[in-house]
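# Structural overview for review
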Amino acid sequence: MKIITLSAALILICIFTKSQNLIGYKENEIMKYMKENHIDMNYNNVVNSKFSYLKYSDSSENQTFLFFLNPDSVCRSVRIICDINMKSQKVREFDSKYMKRGENKWIDRRGGKNYFIELMEGEWSCVISIESEK
């Protein structure tokens, strides 16, 4: 019974921390955060001459995190691509963590700054963008 309760608690913790706003974090801080808080996500080494980013995906390929970095290796935006079946879970998560701004839009107010979160629904997937106020 204790194992089931512990497992349920760990699942809930993972669900409610999945979309952590890591804008402003340095590359090594993101990697440490992901290693400690998202053991279900795998780092994917990518080389791109136009963009510098970190890519993580889960083993079932239901979810991918992209952390776009500036030239100083600091996160400037986050994009999460997830299976359409995860949409209601993501909406509930964002509704509980952030201030609603409109249909599928939220604001994360942190450290005196505003971060805009938008969920765009496609036929097979959802794309979630997190960007700082311009």
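Residues numbered from 1 in each chain as written. Predicted model: local features only at pLDDT ≥ 70, side-chain atom pairs only at ≥ 80, totals over all residues. Heavy atoms only, no water.

For the protein chain, the helix and strand inventory stands at three helices and eight strands. Starting at the N terminus and ending at the C terminus, the protein chain contains elements arranged as α-α-β-β-β-β-α-β-β-β-β. Among the 134 residues that make up the protein chain, the fraction classed as buried is 34%. In the protein chain, the proportion of contacts linking residues at least 24 apart, taken out of those at least 6 apart, comes to 41%. Accessible area for the protein chain stands at about 8,500 Å²; split by element, carbon and sulfur atoms hold 54% of it. (Helix = DSSP H or I, 4+ residues; strand = E, 2+ residues; numbered from the N terminus. Buried < 20%, exposed > 50% of the residue type's maximum accessible area, 1.4 Å probe, protein only. Contact = heavy atoms within 4.5 Å. Areas by Shrake-Rupley, 256 points an atom, 1.4 Å probe, with all protein chains shown as cover.)

Below, the discussion takes up helix α2 (residues 27–37). In an α-helix there are 3.6 residues to a turn, and that puts residues three or four apart on one side. Buried within α2 we find Ile30, Tyr33 and Met34. The buried residues of α2 occupy an angular sector of 95° when the element is viewed end-on, so they sit on one face. Exposed and facing more than 90 degrees away from the buried side of α2 are Asn28, Lys32, Lys35 and Glu36. (Arc of directions from axis to C-beta.)

Before going further, it helps to examine the side chain of Asn21. Inspection of the secondary structure assignment puts Asn21 in the loop between α1 (2–17) and α2. A polar contact is formed between the side chain of Asn21 and the backbone nitrogen of Ile23, at a distance of 3.0 Å. Here the side chain of Asn21 touches Asp108 through a polar contact of 2.9 Å, side chain to side chain. (Polar contact = N/O pair within 3.5 Å; in protein donor to acceptor, adjacent residues only side chain to side chain.)

Moving on, we come to the confidence of the model for the protein chain. Averaged over every residue, the pLDDT of the protein chain is 86; residues scoring 70 or more account for 86%. In this model residues 1–18 is a low-confidence stretch, pLDDT under 50, and it forms 16 contacts with partners more than four residues away in sequence or in other chains. (pLDDT = per-residue confidence, 0-100.)

Under the definition given, this model contains seven aromatic pairs. Pairing Phe51 with Phe68 gives two aromatic rings, centres 6.1 Å apart and planes at 75°, and the pair type is edge-to-face. Taken as a pair, Phe51 in the loop between β1 (41–44) and β2 (52–58) and Phe68 in strand β3 (residues 63–69) lie far apart in primary sequence, 17 residues in all. On the basis of relative accessible area, Phe68 is assigned to the buried category, the value being 12%. Ring geometry for Phe65 against Phe67: centres 6.1 Å apart, planes inclined by 75°, an arrangement best described as edge-to-face. (Phe/Tyr/Trp six-rings, centres within 6.5 Å; stacked < 30°, edge-to-face > 60°.)

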